[in-house]
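Tertiary structure, described
The primary structure of each chain is shown beneath.
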Amino acid sequence: MAPITSKLEKIAAALATARATYSKTNPKSFQIHKESVGTLPGGTTRNVLHFKPFPVILASGKGSYLTDVDGHKYLDLCAEYSAGLFGHSHPVITKAMHDAIDNGFALGGANHFEGRMAQLFCSRFPSIDKIRFSNSGTEANLTALALVKAYTKRNTILVFRGGYHGGLATFGKDGKVAGSVMNAPHKFVIAPYNDIEALEEIVEEHKDDLACIFLELMQGSSGCLPANVDFIKATRAKATEVRAVLMFDEVMTSRMSTGGLQGLLGVTPDMTTLGKYFGGGGQNFGAFGGRDEIMSMIEPGHPGGAYHSGTYNNNVTTMAAGVAVLEEVWTEKVATELYQMGEWLQDELRRVAEGTILQVTGVGSLMTLHFSSKAIISAADVQESVAELKELFFFDMLRRGFFLAQRGMISLMTVTSKAELETFVEAVGQFLEERHELVS
Ligand SMILES: Cc1ncc(COP(=O)(O)O)c(C=O)c1O
């Protein structure tokens, strides 16, 4: 065999060893995956969870820890891709759900939770006069897009390269892909992210038919890439100028304060979409809300024909969990502490990464680790980073007892302690030291 010389070859060899070790130490995960492959495409019902050689099969979660079917215990740094904000089976949320279940969980009518939950949202988000619930962030986004088209009587929707608004509205990471073939058939126009000049040009070009500018304040799935405040302000100004609706997708970023990232940045959209943890962190949930004039379009009997319904929009377990979250768990103190903990962790990771190509991007408690010698600013930069190193890091962290998203995303939970996170920082430091030749 020819000797391994280049750095890329060395990374590939280290990755092959890491995968082999993983396969050897996770036989039950392999078996379960194998049994699913024939009936679930790829053996999964969420593409994001798949990785080679086979995904780890999780068995249970408690507090800030997960256990897999082979008995390994992990500190959970993935937190159900940010939905599991409050850790596993938070007692207050669990009790609220149990109480709801005991009183019948398929009532088929209005219940006393949904109005309360709506009031709590409206009191926290100044941009939201009225709100409706749905079953996922994707559903909330697609419904809200249809609503703003009906409201403006226009069709074009401006989105941003690298944007992810759910599996049916995703806009490519490599700067070339125009969007997924699975996308809903809206008339999308894709602009570069964080580019004010391009934004102004594209808005000008489409101004007569522009229904909506649709923006993530930090592109989460593409690699935790924050939008510049000036850019966000420019989206506000341009939307107002051409009478388009400005809609923020805060499905992921809303956790930055009790009033979302928009509350911290001080920019007010016309519409906001939410999801993930508000349903208790494990319950299906989505929401869209905004200006009264827009939301009133879906009032029963409103002339104009906008209609919004859904069997599980007010399902009692989600609504009960949501009220408990907003009234008792997700307080201003908790939100502020989590944000600060996230900023601290990012700083710590950057400290141990000094002198290596490891970079950390993110805001507060959401961050992504990238291996690249080029500054990570856009989704295209993320595509160019060394994917094999990210994968190697993922397997090394699993081996050391840390579970994070394979794409390198970390999403903190309110129940995780600083001491636990310190053990992670130490593990990252050890990884960088052991793999020094590959990451410098
Ligand atoms: C910004 C953003 N919007 C929408 C979605 C879709 O939400 P869901 O997975 O609940 O459909 C996600 C999911 O990660 C997201 O990050």
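Everything numeric in this text was worked out from a predicted model, so none of it was measured.

All residues adjacent to the ligand are Ser-136, Gly-137, Thr-138, Asn-141, Tyr-164, His-165, Gly-166, Glu-216, Asp-249, Val-251, Met-252 and Lys-276. Here an oxygen atom of the ligand sits 2.5 Å away from a polar atom, N or O, in the side chain of Thr-138. Out of a free accessible area of 390 Å², the ligand has 84% covered by protein chains.

Taken in spatial order, the 4 strands of this open sheet run β1-β2-β3-β15, and their pairing is mixed. Two strands bound the open sheet, and with one partner strand each, they are β1 (58-62) and β15 (402-403). Note that strand β3 (residues 73-76) and β15 share 2 bridges and pair parallel. What sits directly across from Asp-76, in β15, is Phe-403.

A few words now on the side chain of Arg-124. On the secondary structure map, Arg-124 appears in helix α4 (residues 112-124). Buried charge without a partner: Arg-124 forms no salt bridge, and the closest opposite charge is Glu-332, 7.2 Å away. Of note is the side chain of Arg-124, whose polar atom sits 3.0 Å from the backbone oxygen of Trp-330. If near-sequence neighbours (up to four positions away) are discounted, Arg-124 is found in contact with Thr-258, Gly-259, Leu-326 and Trp-330.

Right, let's talk about the domain arrangement of the protein for a bit. What the domain assignment reports for the protein is domain 1 (7-85 + 332-439) and domain 2 (91-329). A straight line from the C-alpha centre of domain 1 to that of domain 2 covers 27 Å. Residue-level contacts link 30 residues of domain 1 with 23 residues of domain 2. Interface area lost by domain 1 to domain 2 is led by Val-363, Leu-366 and Ala-379, which between them contribute 23%. Summed over the shared surface of domain 1 and domain 2, the number is 0 salt bridges. For the pair domain 1 and domain 2, the interface holds 9 residue pairs in polar contact (both at pLDDT 80 or more).

To describe a pair of aromatic rings, you give the distance between the ring centres and the angle between the ring planes. A complete count under the given rule lists 26 aromatic pairs for this structure. When the ring of Phe-86 is compared with that of Trp-330, the centres are 6.0 Å apart and the planes differ by 65°; the resulting orientation is edge-to-face. In this pair, Phe-86 sits in the loop between β3 and α3 (91-102) while Trp-330 sits in the loop between α10 (316-329) and α11 (332-353), placing the two residues 244 residues apart along the sequence. In terms of burial, Phe-86 and Trp-330 fall into one category: buried. Here Phe-121 and Phe-125 contribute two aromatic rings whose centre-to-centre distance is 6.5 Å and whose plane-to-plane angle is 45°, an arrangement assigned as tilted. The same class applies to Phe-121 and to Phe-125, which are both buried.

Thresholds applied
Residues numbered from 1 in each chain as written. Predicted model: local features only at pLDDT ≥ 70, side-chain atom pairs only at ≥ 80, totals over all residues. Heavy atoms only, no water. Near = heavy atom within 4 Å. Polar contact = N/O pair within 3.5 Å; in protein donor to acceptor, adjacent residues only side chain to side chain. Areas by Shrake-Rupley, 256 points an atom, 1.4 Å probe, with all protein chains shown as cover. Pairing = 2+ DSSP bridges. Helix = DSSP H or I, 4+ residues; strand = E, 2+ residues; numbered from the N terminus. Buried < 20%, exposed > 50% of the residue type's maximum accessible area, 1.4 Å probe, protein only. Lys, Arg positive; Asp, Glu negative; His and termini not counted. Salt bridge = Lys/Arg side-chain N within 4 Å of Asp/Glu carboxyl O. Contact = heavy atoms within 4.5 Å. Domains from an automatic or database assignment. Buried area = accessible area lost by both parts, 1.4 Å probe. Phe/Tyr/Trp six-rings, centres within 6.5 Å; stacked < 30°, edge-to-face > 60°.

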